[in-house]
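What follows is each chain in one-letter form.
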Amino acid sequence: MSTLVSVTPRRGAILVVEDRADVRSGLAQLLEFHGFLVAEAGDGQTALAHLQRRDEVIALLLLDLVLPGDVSGRDIRGRMLAEPTQADIPTIIVTASEV
């Protein structure tokens, strides 16, 4: 386990990927209230677009596994792990479904 002395601080936004607007908005507001930069995505395609932008640094991903459309949370994480520039972005799974 890393100690605080050996951890390199991350800079950038927290990407909240959640299809339910009320949950997404609530998480974003809570994080912004505590001083974090937040980007939001309500579906997988929008999340992938955020991850591919070069002018936006994502430091952490809050990811719902069940999303509308063709791209699920599992798909997003799989694509991230296959992309060297995204594989090390910490990801917290936030879902109401059984996994």
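Structure: see above.
Summarised in this report is the structure supplied together with it. In this text, all values refer to a predicted model and were calculated from it rather than measured experimentally. (Residues numbered from 1 in each chain as written. Predicted model: local features only at pLDDT ≥ 70, side-chain atom pairs only at ≥ 80, totals over all residues. Heavy atoms only, no water.)

1. Some details on the overall build of the protein
Here is step 1 of the chain: Counting its regular elements, the protein contains three helices and four strands.
Here is step 2 of the chain: Ordered by position from the N terminus, the helices and strands of the protein form the series β-α-β-α-β-α-β.
Here is step 3 of the chain: Counting only residues that meet the buried cut, the protein has 32% of its 99 residues in that class.
Here is step 4 of the chain: Taking contacts inside the protein between residues at least 6 apart in sequence as the whole, the part at least 24 apart equals 64%.
Here is step 5 of the chain: Accessible surface for the protein amounts to roughly 6,400 Å². Of this, 56% is attributable to carbon and sulfur atoms. (Helix = DSSP H or I, 4+ residues; strand = E, 2+ residues; numbered from the N terminus. Buried < 20%, exposed > 50% of the residue type's maximum accessible area, 1.4 Å probe, protein only. Contact = heavy atoms within 4.5 Å. Areas by Shrake-Rupley, 256 points an atom, 1.4 Å probe, with all protein chains shown as cover.)

2. Section: the sheet that holds strand S1 (residues 13-17)
Remark on secondary structure: sheet strands pair via backbone hydrogen bonds, oriented parallel or antiparallel.
Here is step 1 of the chain: In spatial order, the strands read S2-S1-S3-S4; together these four strands make up an open sheet with parallel pairing. Two strands lie at the open edges of the sheet, namely strand S2 (38-41) and strand S4 (91-93), each paired on one side alone. Neighbour-to-neighbour, the strand axes of the sheet open up by a mean angle of 20°, direction not taken into account.
Here is step 2 of the chain: With three bridges joining them, strand S3 (residues 58-63) and S4 adopt parallel strand pairing. (Pairing = 2+ DSSP bridges. Axes fitted to C-alpha atoms, helices over the stretch in contact; angles between N-to-C directions.)

3. Some points on helix H3 (residues 73-82)
In an α-helix, one turn spans 3.6 residues, which is why side chains three or four residues apart end up on the same side.
Here is step 1 of the chain: When we look at burial in H3, the residues that qualify are Gly73, Ile76 and Met80. Around the axis of H3, the buried residues are gathered within 60° of arc, so they sit on the same side. Those residues of H3 that are exposed and angled more than 90 degrees off the buried face are Arg74, Leu81 and Ala82.
Here is step 2 of the chain: Packing partners of the buried residues in H3 comprise S1, helix H2 (44-52), S3 and S4.
Here is step 3 of the chain: The opening residue of H3, the one whose side-chain oxygen lies 3.3 Å from the backbone nitrogen of Arg74, is Ser72. (Arc of directions from axis to C-beta. Polar contact = N/O pair within 3.5 Å; in protein donor to acceptor, adjacent residues only side chain to side chain.)

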